[in-house]
Each structure stands twice: as C-alpha cells, then as structure tokens.
Amino acid sequence: MELAQRDNRVIHILADSGTGYDEMFRRNFPNQIYNFGISEENMVAAAAGMAAEGRIPFVYTAGAFLAYRSLEFIRDDICFQNLNVKVVGMGSGLAWSSLGPTHHTTEDVAMLRAIPGLMILSPATPRQTAECAEAAYRHQGPVYIKIGMNHEKEFYPSDYQMEVGKNEILREGGSISIFVTGSILEEADQAAERLEAEGIRVNLVNAVSVKPFDRANVLEMAARTRMFFTVEEHNVYGGLGSIIAEILAEEGLGVRLRRIGLQDCFAAGYGTHKSVRAENGLDAEGIYRKIKEYMGNE
C-alpha cells in the first residue's frame, strides 16, 4: 500500500486470496488492483502485459499456484522478456499445513532459480518481508519473493535495512555454521540456542537473497569452520543446500556439508504448521537432533 501510494504504476494483482488487506487496498487504490480469480496463468500473463506498458505489477497468491501452475508463464512471458513483474508467493514451505502437499511450496527454489534473470528473495520475518518488497520495487526486472504466513518471529530492529545479495549473520563465533532461509529461521535459531547451551557455538547465517547468492559469505564461513549445515523448508535437492554445495565444490573447499530439509519426498501429515514441521523433523527439536547426529557421526 505504501508503494502504491508513492507510485501509481504499482499494481496489486491477486487470485481470490480474499483477505481484509486486499479489501483495504481496494478501498484506497481502486484503480490499482485486479482480482483474476483462480486463473493464475492468465494473471501472470496479464501482469507481463501491464509491465510492457510501464506498470509495476505485484502478482500475489499461494506460492504453489505461482511456482508450479504458472511456471511456463513466469519463464516465457516475464523472464524471457525481462519484464518488470514482481511475483509474490505466500505460504512458503509447509505453511499451508492443513491442506497437504498440493499446497506446500517445497520445490519452488529448485525450479525458479534455473530461470535466467529472475531475482529470488526469501524473507524470514515481517520487517524483512517489507524490505524485500521495497527491494523488488527498486529492482528493474523480474523478482520472485516467497513469504510465510504464520506470525513469524521478528529478529530485526525497526530501522533494519536489507541488502540484496548479502547474507546476514545472526550468531557468530561458532565451531559450526548453519545456513537457513525463510520463515524456518525461528526453528533454526531455537536449535542453535540449545546447541550453545551445551557448549557448541554456532554461526547462524540467514540467506534472504537466494539469487543472487552471497558467495563471498560462504567462503568467509568456510575459513572459520569446517562443518556446514543448511536448514530449509524445501526439498534438499535444488534449494539452499544445493546452492552452497555448488559453491563449495566449485571452490574446492574441504568443508563437510549436511543438508536438513525434505529428503527428496513430499511432506507427511496434516495439521498446524508447527505439528507438520515436527512430523517431518523440521521443528527446532528435529533440527537440533539432526545436527547432533551428524556431528556425532563426524
């Protein structure tokens, strides 16, 4: 809404998300909002047309319906044309926990980061989400933002500013490095706190910028520690763990890497976000146990 007030080129496009925020937006900016209904491919294609005419559309709906159903349109209509469209997928990871794998967004990074020219941002907190929206607005070109929806904990102060392409170190001075992206940060932080209570110091790194990725930070962490963990609410294939594995391999760095996420499977269970995370070993307890297990094996 702040962006729309500042710039009448900003257009809010949705697919029947039907929240009170959308109605608030409509009351304030009736000429800058379009609801396409459950027609995600058409919505993305229309956004490309609007961008071609100088508008700045923010396309917003459930992440699974954007990343999967609209993939061809994001690739061909937006990215191939390098159009100034911002795609915002809500309900990252397992957030749509009561609706099962059809609504989970656990392969989107793997699919979308292979598309040339697409910036990918994965905020962990409300303030970081706002900063990502601002960064997307400033960037001339396609952007995909994956956001949570379950009252994520805030880790950042009111004057927080995000820099695209830079990781953020939340804990440092550790013997191991944990890289995390998205709203699962809170679970990873709780696991790190438990490890530190046992005398295992942790470098906790929040990767908000998935593409471009902060390669220099990986090299810096590799110089400090010899064991990496990645934590993501995503398949371990193609996501954050794969990004870091690629960097380590290309640089020839002898760092042990263990990837914590969905192990090439769909998530099990239905219920609250917390309970589904726990059932799949992606709550703080599960993350803690996997790190301790891997460290014991090493």
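Look up: the structure comes first, before these words.
Note that this is a predicted model, so its numbers are computed, not measured. (Residues numbered from 1 in each chain as written. Predicted model: local features only at pLDDT ≥ 70, side-chain atom pairs only at ≥ 80, totals over all residues. Heavy atoms only, no water.)

**Student:** Explain the pattern of salt bridges to me, please; I cannot follow it from the model alone.
**Tutor:** Charged atoms that come close allow side chains of opposite charge to pair. According to the stated counting rule, one finds 22 salt bridges in the structure shown. Between E250 and R215 there is a salt bridge; the shortest N-O distance is 2.7 Å. Placement of the pair is E250 in helix α10 (residues 240-251) and R215 in helix α9 (residues 215-224), with a sequence separation of 35 residues. Taking the relative accessible area as the measure of exposure, E250 reaches 56% and is therefore exposed. Several salt bridges converge on common partners, so that one network encompasses R171, D189, E193, E196 and R201. (Salt bridge = Lys/Arg side-chain N within 4 Å of Asp/Glu carboxyl O. Helix = DSSP H or I, 4+ residues; strand = E, 2+ residues; numbered from the N terminus. Buried < 20%, exposed > 50% of the residue type's maximum accessible area, 1.4 Å probe, protein only.)

**Student:** Looking at this model, I keep getting lost on unusual backbone geometry. Mind explaining?
**Tutor:** Backbone phi values are negative for most residues with the exception of glycine, while trans is the configuration of most peptide bonds. That bond from K211 to P212 is cis: its omega, 5°, falls within 30 degrees of zero. Considering the arrangement of structural elements, one finds P212 in the loop between β10 (209-211) and α9. Look at N82: it is not a glycine, yet its phi comes out positive at around 50°. By secondary structure assignment, the location of N82 is in the loop between α5 (71-79) and β4 (86-90).

**Student:** Where do I start with the sheet that holds strand β9 (residues 202-206) in this structure?
**Tutor:** Adjacent strands of a sheet pair through backbone hydrogen bonds, lying either parallel or antiparallel. If you trace the five strands from one edge of the open sheet to the other, you get β7-β9-β8-β11-β12, paired in mixed fashion. On the outer flanks of this sheet lie β7 (168-171) and β12 (256-262), each paired with one strand and no other. This sheet shows a mean twist of 25° between the axes of neighbouring strands, independent of strand direction. Strand direction decides the pairing type here: strand β11 (residues 227-235) and β12, joined by six bridges, are parallel. Bridge pairing in β12 links V231 to I260. (Pairing = 2+ DSSP bridges. Axes fitted to C-alpha atoms, helices over the stretch in contact; angles between N-to-C directions.)

**Student:** Just to check I follow, could you spell out the nonpolar core for this structure?
**Tutor:** Within soluble globular proteins, side chains that are nonpolar tend to cluster in buried spots. If you look at the biggest cluster of nonpolar residues, it comprises 40 residues, and the most contacted ones within it are F228 and I244. At the level of secondary structure, the elements contributing two or more residues to this core comprise β1 (10-14), α3 (40-52), α4 (63-69), α5, α6 (108-112), α9 and α10. Examining the composition of this core, we find that six residues originate from one element, α3, more than from any other. Among the nonpolar cores identified, the runner-up in size contains 26 residues, and L94, V180, A192 and Y294 belong to it. (Core = buried A, V, L, I, M, F, W, Y, C linked by side-chain atoms within 4.5 Å.)

**Student:** Would you take a moment to explain the sheet that holds strand β3 (residues 56-62) for this structure?
**Tutor:** Taken together, the seven strands give an open sheet; going across it, the order is β2-β1-β3-β4-β6-β5-β10, and neighbouring strands pair in mixed fashion. Edge positions in the open sheet fall to β2 (33-35) and β10, since each of these has one partner strand only. Taken over all neighbouring pairs, the strand axes of this sheet differ in orientation by 20° on average, direction set aside. Bridge count between β1 and β3: five bridges; the pairing is parallel. Pairing of H12 across the sheet is with F58, part of β3. Its contacts with the sheet place α3 against β1, β2 and β3, and it is angled at close to 165° to β3. In this fold helix α7 (residues 126-138) packs onto β1, β3, β4, β5 (119-121) and β6 (143-147), with an angle of close to 170° to the strand it touches most, β6. (Contact = heavy atoms within 4.5 Å.)

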